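# Coordinate inspection notes
Listed below are the residues making up each chain.
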Amino acid sequence: MDLFLQQVVSGISIGAIYSLLAVGYALVYSVYNFTNWAFDAFMAFGAFMAFYAISSFFLPFWVAAIISILLAIGMAVSTEKLAYRSLRLRKAPRLFMMISAMGANLAIVNLLNLFFGGQFRRFPVENIGTFSMGQVSVGRMDVLAGIISFGVLGLLWVFLYRTKPGLGIRASSIDILTASLMGINNDAVAFIIFAVTGVLSSVAGIFYGIKYAVYPTMGIVTIKAMIASIVGGLGSLPAAVVGSMLLGILETLVAGYISSTYRDLFSFLFLVIILLFFPNGLMGKSSDEKL
Amino acid sequence: MPATTPMLEVNNLYVHYGGICALHQVSLHVDPSEIIAVIGANGAGKSTLMKTIAAVKDFTSGSIQFMGMPLKKDPYKVVMDGITLVPEGRRIFAPLSVRENLLLGAYTRSDRQEVAQTMEEVLELFPRLRERLHQRGGTLSGGEQQMLAVGRALMSRPKLLMLDEPSLGLAPIIIDTMFEAITRLNQQMGLTILLVEQNASLALELCHRAYVLKTGHITMEGNGRELLEDERVRSSYLGITGG
Ligand SMILES: Nc1ncnc2c1ncn2[C@@H]1O[C@H](COP(=O)(O)OP(=O)(O)OP(=O)(O)O)[C@@H](O)[C@H]1O
Ligand SMILES: [Mg+2]
């Protein structure tokens, strides 16, 4: 029972990181109907920026995190401007957008490789240890990752559902043409959305880097976030979070009770089984409501 | 020549979809406080004209002037300048509440208090929206959705309100309510209105002046009464033949 609880807490923390990533995909997908394959490169980029801010410039963790977030925002917003905007304005098919996104991904990951090298790095942050609740011992970093991730998601929720630009983004996700007839600037919406993905990718990159390692292709983990958002229901933010939490908990339980070798196998199996019974994902609506 | 300078002036406008010419040398003008109707059959280019003036479709050649200035290229800037389009088929944000739909109409405005004031005016114009403020837009009936679409457009406090087939798919009694509201907006507040309609008799009765659009060309213009009596209009658009 104690082991079980311990696994669940750890699962929640990895699920929270998946949530950030899954929401990042869902947000772009909900408005632009394409999968932003460059997103996982933003994650690696964010992790590297924090890594070097600490290891080369000896900045405190929080300062490094903020710098990493700002740089990841810059990276995400520039990618939108360079790789997607002209395609979007010409109403290019979404396949072209995805190919452009893959190109951006390759470019960013290769640049990281070129500048920093491909080896795995331990994230330079001190081990803040564990604390125990009764018989259960919980990693402090896991708890911190969970709290910060949910804090970020909470802020995003408030932004989307309680502010005017948030309403504009929700309207754009429903009908971008009519949104522009309301006087909503499509380019400004794109800027905000990609800035948000920058924040999400950087925070996820930092915590994932701390939990495992920092390396140029670390973004491959976002495949889990893709699975999670499909399990939840593609394009919906709450569904992305629910899918991520389920997947995170399932994975740690499999790793704890069965074997970590089979962890990824179970993730895919989980996806297949869910889709068998819920073709649109658990909370998927085939309707126009996405955010 | 009209004594006032036109609010909107379209000159020799050409609009293409790929190689297809949808508007051919279209010229028209709208003066302040006028109701102008453009009538035409399916595919005549009515929606294309509306979209071009709303800047969501770009034009090949010709010019569009609004308040003496060239029309801006971005739809949101056009809205900020005072042109708001109620699109064909209403295009309500179905998952959002009636209130959120209305607030989106006021997206370009930052004066909270005055926005609340405009919303009050809109709800007075269409009391049925008030009862449904917190309902999802998609659950409204067709007529209510049209009221919402017009109300939403009014939230921007437009100088020129454009309506693309406001009678489309509505029951006659709802159409009457709609057109009464349009007349009232024009007479009481001096709102300038440009509307396109297939329902020619209705539009011609309501408007001050009208243009007939046929396969991308303006073939006739005149005041509403004149066109209502015109033989060619009567046979082609009103389905009335003979005397
Ligand atoms: N997106 C598009 N791509 C290609 N051709 C188009 C497009 N939109 C409209 N057209 C063509 O342009 C012409 C004018 O269309 P438009 O929608 O302006 O007509 P309309 O007068 O509004 O018709 P309706 O009364 O059916 O709404 C038509 O021949 C139509 O096929
Ligand atoms: Mg039309």
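Quick look at the structure, then. (Residues numbered from 1 in each chain as written. Chains lettered and ligands numbered in written order. Predicted model: local features only at pLDDT ≥ 70, side-chain atom pairs only at ≥ 80, totals over all residues. Heavy atoms only, no water.)

Turning next to the coordination of the magnesium ion (ligand 2). Residue and element names in this part refer to chain B. Taken together, S47 (OG) and E88 (OE) make up the protein donors of the magnesium ion (ligand 2), found 1.9 to 2.1 Å from the metal. Of this pair, S47 sits in helix α1 (residues 46–53) while E88 sits in the loop between β6 (83–86) and α3 (98–105), and the two are 41 residues apart along the sequence. Accessibility expressed as a relative area gives 36% for E88, which makes it partly exposed. (Donors = N, O, S within 2.8 Å, 3.2 Å for Na, K, Ca; no water. Helix = DSSP H or I, 4+ residues; strand = E, 2+ residues; numbered from the N terminus. Buried < 20%, exposed > 50% of the residue type's maximum accessible area, 1.4 Å probe, protein only.)

Turning our attention to the pairing of strand β2 (residues 20–30) of chain B. Residue and element names in this part refer to chain B. Inspection of the sheet shows strand β1 (residues 8–17) paired to β2 by 7 bridges, in the antiparallel sense. Bridged to E9 within β2 is H29. Hairpin connection, β1 to β2: the antiparallel pair is bridged by 2 residues, and G18 has positive phi, about 60°. (Pairing = 2+ DSSP bridges.)

A few words on the site of ligand 1. All names here are of chain B. Around ligand 1 sit 13 residues in total, of which N42, K46, S47, T48 and E88 are the nearest. The separation between an oxygen atom of ligand 1 and a polar main-chain atom of G45 is 3.0 Å. In this structure, K46 approaches ligand 1 through a side-chain N or O atom, which is 2.7 Å from an oxygen atom. In the complex, 61% of the free accessible area of ligand 1, which totals 640 Å², lies under the protein chains. Ranked by the residues each element gives to the shell around ligand 1, the list is headed by α1, at 3 residues. For the shell around ligand 1, the class distribution of residues is 4 nonpolar, 6 polar and 3 charged. (Near = heavy atom within 4 Å. Polar contact = N/O pair within 3.5 Å; in protein donor to acceptor, adjacent residues only side chain to side chain. Areas by Shrake-Rupley, 256 points an atom, 1.4 Å probe, with all protein chains shown as cover. Nonpolar A, V, L, I, M, F, W, Y, C, P; charged D, E, K, R; others polar.)

Further remarks concern helix α5 (residues 140–162) of chain A. Residues and elements named next belong to chain A. Spanning 23 residues, α5 covers 32 Å between terminal C-alpha atoms, matching the ideal 33 Å at 1.5 Å per step. Turning to α5, its buried residues are M141, D142, A145, G146, S149, V152, L153, L156 and L160. The inward-facing, buried residues of α5 abut α1 (2–32), β2 (136–139), α6 (164–174), α8 (186–211) and α10 (237–257). (Expected span 1.5 Å × (residues − 1). Contact = heavy atoms within 4.5 Å.)

Further remarks concern the pattern of salt bridges. Applying the stated criterion to the full structure yields 22 salt bridges over all chains. The partner of E144 of chain B in a salt bridge is R132 of chain B, with the nearest N and O atoms 3.1 Å apart. Separated by 12 residues along the polypeptide, E144 of chain B in helix α6 (residues 142–154) and R132 of chain B in the loop between α5 (127–131) and α6 bring together distant segments of the chain. For the pair shown, E144 of chain B and R132 of chain B are each scored as buried. It is possible to trace a salt-bridge network through shared partners that takes in E80, R85, R88 and D187 of chain A. (Salt bridge = Lys/Arg side-chain N within 4 Å of Asp/Glu carboxyl O.)

By themselves, these observations are geometric and do not establish any function.
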